[in-house]
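One-letter residues, chain by chain:
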Amino acid sequence: MDLRSLAARRTAVLAVEVPGWGRTRCALEQHVRTRGWRLADSPADADLLVVCGRPGARLTAAVEHVWGQLPGPRARAEVTTAEAVPAALDRATAELADGAAQRRDADGRPAEPDPGTTATATGDDGDGDGDMDMDMDMDMDDDSGDMDHGDMDHGDMDHGDMDHGDMDHGDMDMDMPMPGGIGLAGGGGDDQLADPDSLDLDVLHVPLGPVLPHWPAGLLLHTTLQGDLVVAARAEVLLPADGSPTDPPVHGTAAGRWDAVATLLALAGWDDAAVRAARVRDELLAGGQPPEADRLARRITRSRLLRWSLRGLGRLPEGDAHDRLRHWLAGTEQRRSTELSAVADLVTGLDLASARLVVASLDLDTADRVTVPVEAGS
Amino acid sequence: MSAYLSLAAMLGIAVGGVLLAYLLHRRTAVAPGAVASLPFLSGWRPEEHALSRFEARYYPMTLLFLAFDVEMLYMYPWATVVASIGTSAIVEMFVLLGVLMTGVLWAWREGALRWT
Amino acid sequence: MTVTEVSAGWVPLAAALLLAVAAAAASLEGALAARSAGQPLGSGLLTPVAETARLFGQRRRTTVAADLPLQRIGIAGLLTAALLMVAVVPFGRWTVADLTVGVVWFNAMDVLVWAAVWLAGWGPNSAHALVGGYRFLAQALSYELPLMFALTAPAVAAGSLRLGDVVAAQSGLWFVVWMPVAFAVFCAAVAGFSVWGPLGAPAGATTAGGVLVEAAGVDRWLLSAGRYALLTAGAAFGATAFLGGGHGPLLPAWLWLLVKTAALLAVLVALRRRLPVIRPEQLAAPAWLVALPLVLLQVLVVSVVVVVQA
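What you see is a predicted model; the values in this text were computed from it and never measured.

Rules and cut-offs
Residues numbered from 1 in each chain as written. Chains lettered and ligands numbered in written order. Predicted model: local features only at pLDDT ≥ 70, side-chain atom pairs only at ≥ 80, totals over all residues. Heavy atoms only, no water. Helix = DSSP H or I, 4+ residues; strand = E, 2+ residues; numbered from the N terminus. Buried < 20%, exposed > 50% of the residue type's maximum accessible area, 1.4 Å probe, protein only. Areas by Shrake-Rupley, 256 points an atom, 1.4 Å probe, with all protein chains shown as cover. Lys, Arg positive; Asp, Glu negative; His and termini not counted. Charge placed at Lys NZ, Arg CZ, Asp CG, Glu CD. Expected span 1.5 Å × (residues − 1). Domains from an automatic or database assignment. Contact = heavy atoms within 4.5 Å. Pairing = 2+ DSSP bridges. Right-handed = clockwise from strand over helix to strand, strands pointing away. Axes fitted to C-alpha atoms, helices over the stretch in contact; angles between N-to-C directions. Parallel < 35°, antiparallel > 145°, perpendicular 65-115°, else oblique. Nonpolar A, V, L, I, M, F, W, Y, C, P; charged D, E, K, R; others polar. pLDDT = per-residue confidence, 0-100. Polar contact = N/O pair within 3.5 Å; in protein donor to acceptor, adjacent residues only side chain to side chain. Buried area = accessible area lost by both parts, 1.4 Å probe. Salt bridge = Lys/Arg side-chain N within 4 Å of Asp/Glu carboxyl O.

Moving on: the overall build of chain B. What chain B contains, in helices and strands, is 3 helices and 1 strand. Helices and strands appear in chain B in the N-to-C order α-β-α-α. Seen through its principal axes, chain B has C-alpha atoms that stretch 65 × 50 × 15 Å. The buried share among the 116 residues of chain B stands at 49%. Carbon and sulfur atoms form 70% of the exposed surface of chain B, whose accessible area is close to 5700 Å². Taking the 7 positively charged and 7 negatively charged side chains of chain B as two groups, their mean positions are separated by 15 Å.

This is the structure:
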C-alpha cells in the first residue's frame, strides 16, 4: 500500500452549505462517514472542499478565498443533489490521487496569498435585500411572541466607511506598518468596552461564516472581538445564486432536529454523540426508523456535564440552549420566525466559543427567508 | 550528573527528531515549500492583524495563581522532610496553605474566578 | 525493587518507546471513532499511519506576518516536553535519568507545555488560533495548582522527589489506594496539558480547531503527535507515581509498567468518547474551590499518615 492510498483513507472534507441545500450537505456528511473519512475543522485541515448548492456572488468569493487556503494536495467539488454526492467524491478522490496533477497545482500557486475581500466590503449581487424574518427554533407552544423590531434599517447596505476591501492603501496613515497590506489592530472606538484599568486594548473584526464548519448555511456574523469577547455583532445572510434546490428541505423535519443535535454536540466537543446523532439523522432521511434514537436521546439528555456546559447559554423567553436541545430530542420543538437582529443581540457580550454554541442552539433556517443586516451594539 | 547527560541527549533527540521530520516532509510533500495564505476567517480577508493587545479577562486569576506558585517552591523541599521533622512541619505548612486558601475564597467572592 | 540508571545510549530507545505507545493510543482513538461512525472497529486501527501518510504528503502553510520563530517553538514544544517528561520515568528496573528531583522535573516540563500551546496559538497571526491559545492559559491556570499539589502527595509519602524512591515506597500498597483524590486530579490534569477530551477546548470546534486552525502538513503532525505523546507521558508518570510502577506479581517490572501505562492511557482515550468539552471559564470555580481544597486535604492526610508512621 503506497503513501497516497493510505492517506486517502483519512481524506478530510471541508463542507460549505449554501442556504437551501441542507439535504445535500447531510448526504455529503453521510458519505464522508461511510468512507471512513472525516470532516475538516478548517481549510488547513482539509484535502477536499465541497460546496453543496449554488452559491451567490459573495458566497462564491468566500469559497474561492478558502480554496486558496487549502494546503494541497487538494480537490474541490460542487454538488447540488444528494444523489450526485458519491460520484463527485469519486472524482475528487481520483483528483487527489493524481500525483502529477497535484504537483502541477502546487507549482502553479502564487507566492503571495490571495488577497480576498473583507467581509464588510459591499457586495454587489444584492445580497441582503428583501424580507427580514427567518425561522428560528423555539420550543414552547407560544406562537404569539412578536419579536418584530419596527426600527430596522431596510435599504442601506452601504458601509462606505468600512470598506477596506481593495489593496489601495495610499490614503491610509503611512506611519502604520502594514505587513501583507493588513493594518494593525487598534482600539475599537465606540465598540470598545470601558476598561477599569485604562489598558489600551485592541479589538479585532472577526467575521464568522459563511465557510465555517457547524455553522448555519450562508450566515455571516460580523463580530467585533475584544479579547475573545464579542462586543458588537451584526448578522446577514448570503444568498444562493438563482435556482432552487431539488431536494426537499431538512429543517422542520425529524431529521432536521437530529441534524441540529449533531451540530450542537459537535461544537460542544462531544464527538461520539454528535456522530451517532448524525447517523440517526441519515437513517431518518433514508426513510428508516432508527431503533437507537431513543437510547441516544436518553444518553444525551442525561449527560450532566453537557447540561452544565449549555445551561444558561442563549437564554430566550422559552428557555436556554439545553432546553432547546431537549425539545429537539423529544420532538416537541415549535418553530417561529425571528430576526437576525435577535441573533446578533444574543451573542453580543458572550465569548467567541459561547457565541458559537448559542448560534448552533438556535438552529437557524437561513434558507427560509432573506434578511437585512441589523446593528447590535455593545 | 549522568542523569543530566541523558536529559541533554533526550533534548537532542527531540530537536533532532523535529528537524528530521521537517527534512523528511520536504521530500514527501507534494511541494517542499509552504503555501502562503491569509489566516482562516471564514473566507474573508482580515481587517487587521490578529497579533494584538489581547484582553485576557481572567488576569486576576493569574495573580492568584502566582501567589500559590511561589508557595510551591517551599512545598517540594518540605515534602522530603515531613517524616523527619514531624508534626511541626505539617502545622507550619498547612497554616500557610490555609492562609492562601482563605485568599482564594476572598478572590472568589471578589469575582476573580468569573470572567464571562 | 531498586532502580538503576542506564547510560545515555538507551535514550533513543526510550524516545521510540514513547512514540510507539502514543501511536497505539492514536490507534485506539481511531478504532473507537470508527465504531461511533458505524464502521468496523478494525477499520480505524490504521488511523495514525494513514494520518501520518496524509500529513507528510500535505504542504505546510505559512500565514501572512506570522511570528515564525515563536510558532516553530510552539509546534516542536509539545513533543519535546513529552519526551523530556518520560525521560525521568523508570522503565521497570531501569531509568535513563535518575534525577533526585524527578517529580519537580515532570512538573517543570508540564509548565513548558503552557508556553508551547500558547506560542502555537500566537504564532500564526490568526484570530481563532489566538483565542485558542489564550483559552489554554485560562484552562491551565485552573488545572495546574491542583496538579502540583497532587504531585506532592506521592513525594511526601516516599519522603523523596526521586521517582525510583516513589516506586520503592509502593512495594506494599499502591499510592492510588490511599491517595485517590490526588490520582483523580492528576489524571484530569494530564488531559489538561494534553489538550485532550473534556479539557480540549483550546483546540475545540468552537474556535475552528483553535491552536490547530492554521497548521498543515508536518506542523499539524507534530502538534497532534505531541498531544498523544503528552497523554502517554502523563499516563506513564501516573502509573509510576500512583499505580506502583513496576511492582506486580509474575511479570517482569518493565512489562508491568507498560501494562499499567497502557491501561491508564486507554481509560484517558475512552474518556473522550463519553464526555463533552468543558469551557475554560466554567472550569475555574470548581478547580479552585473544589479540586484545590480536596487535594490539599489529601496532602494533609498523607503527611499525617507519614508522620504517625515515622
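The discussion continues.
Before going further, it helps to spend a moment on helix H8 (residues 180–193) of chain C. Residues and elements named next belong to chain C. Compared with the 20 Å implied by 1.5 Å per residue over 14 residues, the 20 Å span of H8 between its first and last C-alpha is a close match. Within H8, 10 of the 14 residues are buried, leaving the element largely enclosed by the surrounding structure. Residues of H8 that are buried: Ala182, Phe183, Val185, Phe186, Cys187, Ala189, Val190, Ala191, Gly192 and Phe193. Valine 195, located one to two residues past H8, shows a positive phi value of around 50 degrees.

Attention shifts here to the domain arrangement of chain B. A common way to report how large an interface is uses the accessible area buried once the components associate. Segmenting chain B into domains produces domain 1 (1–34) and domain 2 (56–116). Spacing between the C-alpha centres of domain 1 of chain B and domain 2 of chain B amounts to 38 Å.

Here histidine 128 of chain C shows up in helix H5 (residues 127–158). What histidine 128 of chain C contacts, discounting residues up to four positions off in sequence, is Leu208 and Leu352 of chain A, Phe40 of chain B together with Thr207, Ala208, Gly210 and Val213 of chain C.

Residues and elements named next belong to chain A. Within strand S3 (residues 48–52), 5 of the 5 residues are buried, which leaves it mostly tucked inside the rest of the structure. In this structure, strand S1 (residues 12–17) lies alongside S3, joined through 5 bridges in parallel fashion. Counterpart to leucine 14 in the pairing with S3 is leucine 49. Once you follow S3 into helix H3 (residues 57–67) and on to strand S4 (residues 75–79), the crossover reads as right-handed.

This part takes up the packing of helix H1 (residues 2–28) of chain B against helix H2 (residues 47–57) of chain C. Running from amino to carboxyl end, H1 of chain B crosses H2 of chain C at an angle of 75 degrees, the nearest separation of the two axes being 8 Å. Taken together, the axis directions place H1 of chain B and H2 of chain C in an arrangement best described as roughly perpendicular. Packed against H1 of chain B, whose contacting residues are Ala21, Leu24, His25 and Thr28 of chain B, the element H2 of chain C presents Leu55, Phe56 and Gly57 of chain C at the interface. Split by residue class, the contact of H1 of chain B with H2 of chain C holds 4 nonpolar, 3 polar and no charged.

When pLDDT is averaged across chain C, the result is 95; 100% of the residues are at 70 or more. The ipTM assigned to the predicted complex is 0.94, against a pTM of 0.91.

Locating tryptophan 78 of chain B in the fold gives a position in helix H2 (residues 59–85). The sequence separation of tryptophan 78 of chain B and leucine 20 of chain B amounts to 58 residues, and the corresponding C-alpha distance is 42 Å. Apart from residues lying up to four places away in sequence, tryptophan 78 of chain B is in contact with Ala89, Ile90, Met93 and Phe94 of chain B together with Val156, Val299 and Ser303 of chain C. Of note is the side chain of tryptophan 78 of chain B, whose polar atom sits 3.0 Å from the backbone oxygen of alanine 89 of chain B.

Once that is clear, we can look at the interface of chain A and chain B. Tallying the contact residues gives 58 residues for chain A and 25 residues for chain B. In total, about 3700 Å² of surface goes out of reach between chain A and chain B, with carbon and sulfur atoms giving 58% of it. Across the contact surface, chain A and chain B share 2 salt bridges. For the salt bridge of arginine 53 of chain B with aspartate 202 of chain A, the shortest nitrogen-to-oxygen distance reads 2.7 Å. Summed over the shared surface of chain A and chain B, the result is 15 residue pairs in polar contact (both at pLDDT 80 or more). Of all the secondary structure elements, the ones that give two or more residues to the side of chain A that touches chain B are H3, helix H5 (99–107), strand S6 (203–208) and strand S7 (219–226) of chain A. Sort the elements by how many residues they give to the side of chain A that touches chain B and S6 of chain A lands first, with 6 residues. The residue makeup of the side of chain A that touches chain B, split by class, is 28 nonpolar, 18 polar and 12 charged.

The end-to-end C-alpha separation of helix H3 (residues 87–109) of chain B is 32 Å, in line with the 33 Å expected for 23 residues at 1.5 Å each. Residues of H3 of chain B that are buried sit in contact with H2 of chain B together with H5 and helix H11 (280–309) of chain C. Downstream of H3 of chain B by one or two residues, glycine 111 of chain B has phi in the positive range, about 90 degrees.

With an omega of 5 degrees, the peptide bond running from glycine 72 of chain A to proline 73 of chain A counts as cis. Examined against the element boundaries, proline 73 of chain A turns out to sit in the loop between H3 and S4. Here the amide bond leading from glycine 209 of chain A into proline 210 of chain A is cis, since omega sits at 10 degrees, within 30 degrees of zero. You can see proline 210 of chain A is positioned in the loop between S6 and S7. One non-glycine residue, serine 42 of chain B, lies in positive phi territory at about 60 degrees. Within the secondary structure, serine 42 of chain B sits in the loop between strand S1 (35–37) and H2.

As a further point, take the packing of H5 of chain C against H11 of chain C. Residues and elements named next belong to chain C. Their axes nearest at 9 Å, the elements H5 and H11 cross at an angle of 10 degrees. Here H5 lies roughly parallel to H11, going by the angle between them. The residue makeup of the contact of H5 with H11, split by class, is 21 nonpolar, 4 polar and 2 charged.

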